[in-house]
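In case you want the letters, here they are:
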Amino acid sequence: MHRRTALGGALTALATAAAGILVAAAVSTTPAVAAAGGTGTGYLHTNGNKIVDSTGATVRLTGINWFGMETDNRTFHGLWSSNPWRGQLDTMARLGYNTLRIPFSNDSIKPGATATGINDFVNPDLIGLSPLQILDKVIDYAGSKGMRVILDRHRPTSAGQSPLWYTSGVSEATWIADWKTMAQRYANNPTVIGADLHNEPHAEGTNPAATGACWGCGDTARDWRLAAERAGNAILGVQPNWLIFVEGVSCPSGGLSNVWDNDPSNDEDCGWWGGNLSKAGQFPVRLNVANRLVYSPHEYATSVYRQAWFDDPSYPANMPAIWDKYWGYLYKQNIAPIMMGEFGTTLQDPKDKVWLENLMAYTGTGVNGMSFTYWSWNPNSGDTGGIANDDWTTVNQAKQAILQPYLIPPTGGGSTSSPSPTGTPNTSPAPTTPAPTTPAPSGGCTASYKQTNAWAGGFQGELTVKNTGNAALNPWSATWTWPSGVTLASGWNATVTQSGTTVTAAAPNWASSLAPGASVTVGFTANGTAAAPATVKLNGTAC
């Protein structure tokens, strides 16, 4: 977002507002309820209007935006607060947000880029790190909680939104090259599931002198659909497992309507920046790798701009038809999945509460509903505010209560105890020394392995270990060996480390106990020739 709006006619974008002030509200005393679907296993792909995991199981992304890397700080906002960065992610996961959409600018990933606005006292592990190194840590920790990450090229520079995907200072070639670099950086980390190519392409200039992003007009300098194909296919050439998220435009012609020329022939139906996918059915994005395309519209309330439909006498009954027209038809006709990348409001206008309630109902319930990432975690989004209050610790419960029924917590991200009614995150510091592990009875475990992917120089697998003993293991720890030359790249569902040829998967703090008869699946990617884990042990007992 950041913060603009968009519309047809002769309307122009609004400037970014000052940070809004929200009244602190207590966190709900009802924990996030785990639901089927989670964030799935392995890399994701599409099947009709569904997002599915490597096993074919349907996945619903119910996420949140955490911005800052696209600003002058070049890193996440709120790192200046008294709440450590891990504590903020802990709260997001506990509330039920299973996906993190991370906006960035091309400036923030340049060599030599520096991150500012960090409270070194509460985040000593970030001292001296580059924006990309901080991003690495956030991605790794989010992955350890079962969350997924979508990278969003939000702006060419911190100066502001651009109607086209390139500017005089940041060329299309730079845009694509930087995306390929990001795809290579996270190529072996299935926590990162895809690329939101460019944030909110939109109209500029007045028709017939349009200079902004069009959809299906055929002008390679302005046709966002064609540009999305060029960038998407370049990314898939580096990382064919990623999803490609493509936003809409505002006006399909790429220009604003001249409503004063008494010529309705050059007027058209426009919508939010990035929110108009009405031409995507006629002019679909064509990618070289099948089942990788997700359409990602944006949708906002009156606190961003008071669109005409908010004052229609039939409001809110008129809204489903509007959503159908702009983007919902793609989902309803089984053309492609929808992942609503941004939507938000301050809730200061009563109409906005009605809007948010109806929009969430429109997305559907359960794992088969449309995916989304709410804007935003940050309280300093000027015309929406955030889920976090101004202390970056307590939660705006009025918003959370509306979203809560639609959230599917990340695997291991749901809390089994109630969040504190004072609004303080229900997190505890990690112990300074590991707790002793409970030995497994002799013959007390079984292990099975499945290789889920492979590529030149690496592979991905899942090791499932079952406690067949008669006592719970708390905390549990699994170990295995690999041949010399095989090295760990990443792991999830446990804290996975390697020393020599021995790999250790230690229980995460959110799932430390392994009950009798229960099993755990540890996922990983590795460098080297594909090899099954050998000499698998659970708490020191061979399986």
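Residues numbered from 1 in each chain as written. Predicted model: local features only at pLDDT ≥ 70, side-chain atom pairs only at ≥ 80, totals over all residues. Heavy atoms only, no water.

K.L.:
Describe the overall build of the protein chain, naming the residues involved and giving the relevant values.
P.N.:
Helix and strand counts for the protein chain come out as seven helices and 22 strands. Residue burial in the protein chain is summarised as follows: out of 543 residues, 56% are buried. Sequence separation of 24 or more characterises 77% of the internal contacts of the protein chain that already satisfy a separation of 6 or more. (Helix = DSSP H or I, 4+ residues; strand = E, 2+ residues; numbered from the N terminus. Buried < 20%, exposed > 50% of the residue type's maximum accessible area, 1.4 Å probe, protein only. Contact = heavy atoms within 4.5 Å.)

K.L.:
How would you summarise the packing of helix 3 (residues 172-185) against helix 4 (residues 224-238) if you had to cite specific residues and measurements?
P.N.:
At their nearest, the axes of helix 3 and helix 4 sit 9 Å apart, and the two run at 35° to each other. Here helix 3 runs over helix 4; the crossing is right-handed. Only Trp224, Ala227, Arg230, Ala231, Ala234, Ile235 and Val238 of helix 4 make contact with helix 3, whose side of the interface consists of Glu172, Trp175, Ile176, Trp179, Lys180, Ala183 and Gln184. (Axes fitted to C-alpha atoms, helices over the stretch in contact; angles between N-to-C directions. Left-handed = near helix turned anticlockwise from the far one by under 90°.)

K.L.:
Hey, could you go over the sheet that holds strand 19 (residues 502-506) for me, with residue numbers and the actual values?
P.N.:
If you trace the five strands from one edge of the open sheet to the other, you get 18-19-16-21-22, paired in antiparallel fashion. At either end of the open sheet lies a strand with only one pairing partner, and these are strand 18 (495-499) and strand 22 (541-542). (Pairing = 2+ DSSP bridges.)

K.L.:
Before we move on, can you summarise the pattern of salt bridges with the specific residues and values?
P.N.:
Scanning the entire structure with this criterion turns up 21 salt bridges. Glutamate 342 is the salt-bridge partner of arginine 101, the closest N and O atoms lying 2.9 Å from each other. Within this pair, whereas arginine 101 is found in strand 5 (residues 99-105), its partner glutamate 342 is found in strand 12 (residues 342-344), the two being separated by 241 residues in sequence. When sorted by exposure, arginine 101 lands in the same class as glutamate 342, which is buried. We note a salt bridge from glutamate 229 to arginine 225, for which the minimum N-O separation is 3.4 Å. A residue pair is termed a helical-turn pair when its members lie 3 or 4 positions apart in one helix, as glutamate 229 and arginine 225 do in helix 4 at four residues. Note on accessibility: glutamate 229 and arginine 225 belong to one class, buried. One continuous salt-bridge network, built from bridges that share partners, spans Arg101, Asp152, Asp196, Glu247 and Glu342. (Salt bridge = Lys/Arg side-chain N within 4 Å of Asp/Glu carboxyl O.)

None of the figures reported here should be taken as evidence of function without further support.
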